[in-house]
Amino acid sequence: MLVKLSDYVASRLFEAGVRSAFGISGGASLHLLHSIKDHPELDIYCPHHEQAAAMAADGYARATGGIGVTVATSGPGATNLITGICGAFYDSVPLLCLTGQVSTFRMVESTGVRQIGFQETPIVDICQKITKYAATLQAPEAIAFELDKCFYYSTSGRPGPTLLDIPDNYQRAMIDPDTLQRWKPPVRKRTVLEKQSQGLQSKISRAMRLLIAAERPVVIAGWGLHLSNCEEEFRNFLEKFKVPAVMTWGAADILSQYHQSYVGTFGTHGQRHANFAVQNADFILSLGSRLDTKSTGTPVSSFARGAKRVMVDIDGAEIEKFEHFDLPLNLGVNCDL
């Protein structure tokens, strides 16, 4: 049975667990917005600015543990999303940005001019550096393929925003969902996974030995504890080892301020006593925090100056960056918490 492409997009959002989307109407996004509005299980909320829509979607993802969705029209509507996209990218928040684009028969393509269609803007090119994946839909029949990629990249590994730019004439095209090509995530060889698992166990054992031997240990709680759904395991860990914990902003809600391990928030915008605890620790275990300069202060090399430092993060580049700052870690554990 043929369905309108924008209706298919709405149905896929529902299948992905989305229940609310955020956006503002515009000529190149009306079909997407109407299809979301007409879906019986979806709600669309319209703030006063696309930047607010992107940030609302970010907040929705943080609060629900799912993926946030924002919709914007072409040109200024799409570019207004950029600040919210940046926030989701740097804070590792799963976001799907659906932008409308001018019809394909009004596109610049190889003409050499700056713009042909009203508000035509190369939002995909603009957002390449602040998304995990960004693409313009090249044919109506590719919609399932592109949505599969967006959902996967938004939520896999270190989460973040993706962007799918959909031309207006494609939004209203009729497609047969049963004949659409699908995209399959890459499969890693089992032998590679087995080797990684063996190395991981060795690193975890080493980290635990350092923790047990410490006299003034401090655990840093990061946003990654939420992303990996490890909040309860983290609290159990603290109960077992009775170790003090300091919180980044993204993890400030994991512990009650009355918890026996709670010290406070730390960093350049944190509490003074929590910073004293970190700077005078003899062992630091960072869980799911990228330890940016708001956490470490500047120069980075002065962070936890007398401590052995262990960092657990899903992004290996975040661990390796400390070599650049002349702050070698005693141990980096690159894995999901």
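Above: the structure in question.
Participant: Quick question: what am I supposed to make of the packing of helix H1 (residues 5-15) against helix H2 (residues 30-38) here?
Facilitator: To describe two helices that pack against each other, one gives the angle between their axes and the distance between the axes. It is the contact of H1 with H2, at a shortest axis distance of 8 Å, that shows an interaxial angle of 50°. Regarding the angle of H1 to H2, the classification is oblique. For H1 against H2, the interelement crossing comes out right-handed. Of the residues in H2, those touching H1 at Ser 6, Asp 7, Val 9, Ala 10 and Leu 13 are His 31, Leu 32, Ser 35 and Ile 36.

Participant: Help me understand helix H7 (residues 143-155) in this model?
Facilitator: Since the α-helix advances by 3.6 residues per turn, residues separated by three or four positions end up pointing in the same direction. Compared with an ideal rise of 1.5 Å per residue, which puts 13 residues at 18 Å, H7 spans 18 Å between its outermost C-alpha atoms and is within 8% of the ideal. Of all the residues in H7, the buried ones are Ile 143, Ala 144, Glu 146, Leu 147, Asp 148, Lys 149, Cys 150, Phe 151 and Ser 154. For H7, the elements touching its buried residues are H1, strand E5 (95-101), strand E6 (133-136), strand E7 (161-167) and strand E8 (174-175). With its phi angle positive at about 55°, Gly 157 sits one or two positions after the end of H7.

Participant: So what exactly am I meant to see when it comes to helix H3 (residues 50-64) here?
Facilitator: Helix length check: H3, at 15 residues, gives a terminal C-alpha distance of 21 Å against a target of 21 Å (1.5 Å per residue), a fit within 8%. Those residues of H3 hidden inside the fold are in contact with strand E2 (20-23), strand E4 (68-72), helix H4 (76-79), helix H5 (82-91) and E5.

Participant: Can you help me understand the nonpolar core in this one?
Facilitator: Considering soluble globular proteins, one finds that nonpolar side chains tend to be buried as a cluster. Leu 13, Leu 98, Ile 143 and Ile 166 are the most contacted members of the largest nonpolar core, which has 31 residues in total. Looking at this core, the elements that each hand over two or more residues are H1, H2, E4, E5, E6, H7 and E7. What Leu 98 contacts, discounting residues up to four positions off in sequence, is Val 9, Leu 13, Leu 32, Val 69, Thr 70, Val 71, Ala 72, Leu 164 and Ile 166. Among the nonpolar cores identified, the runner-up in size contains 25 residues, and Val 219, Cys 230, Val 312 and Cys 335 belong to it.

Participant: What is the right way to look at the sheet that holds E4 in this model?
Facilitator: Strands in a sheet are paired, the pairing made by backbone hydrogen bonds, and the direction either parallel or antiparallel. Pairing in this open sheet of six strands is parallel, and the strands run E3-E2-E4-E5-E7-E6 from one edge to the other. If you trace the sheet from one side to the other, it starts and ends with strand E3 (43-45) and E6, each paired once. Put simply, the sheet's adjacent strands are angled 20° from each other on average, direction ignored. Lying over the sheet, H3 contacts E2, E4 and E5, oriented at roughly 165° with respect to E4. Contacting E5 and E7, H5 runs over the sheet at an angle of about 145° to E7.

Participant: I keep staring at the pattern of salt bridges and nothing clicks. Help me out?
Facilitator: Enumeration according to the criterion identifies 11 salt bridges in this entry. Between Arg 12 and Asp 148 there is a salt bridge; the shortest N-O distance is 2.6 Å. Linking Arg 12 in helix H1 with Asp 148 in helix H7, this pair joins segments that are 136 residues apart in sequence. For Arg 12, a relative accessible area of 6% gives the class buried. A residue is classified by how much of its surface remains accessible, and Asp 148, at 10% relative accessible area, is buried.

Thresholds applied
Residues numbered from 1 in each chain as written. Predicted model: local features only at pLDDT ≥ 70, side-chain atom pairs only at ≥ 80, totals over all residues. Heavy atoms only, no water. Axes fitted to C-alpha atoms, helices over the stretch in contact; angles between N-to-C directions. Helix = DSSP H or I, 4+ residues; strand = E, 2+ residues; numbered from the N terminus. Parallel < 35°, antiparallel > 145°, perpendicular 65-115°, else oblique. Left-handed = near helix turned anticlockwise from the far one by under 90°. Contact = heavy atoms within 4.5 Å. Expected span 1.5 Å × (residues − 1). Buried < 20%, exposed > 50% of the residue type's maximum accessible area, 1.4 Å probe, protein only. Core = buried A, V, L, I, M, F, W, Y, C linked by side-chain atoms within 4.5 Å. Pairing = 2+ DSSP bridges. Salt bridge = Lys/Arg side-chain N within 4 Å of Asp/Glu carboxyl O.

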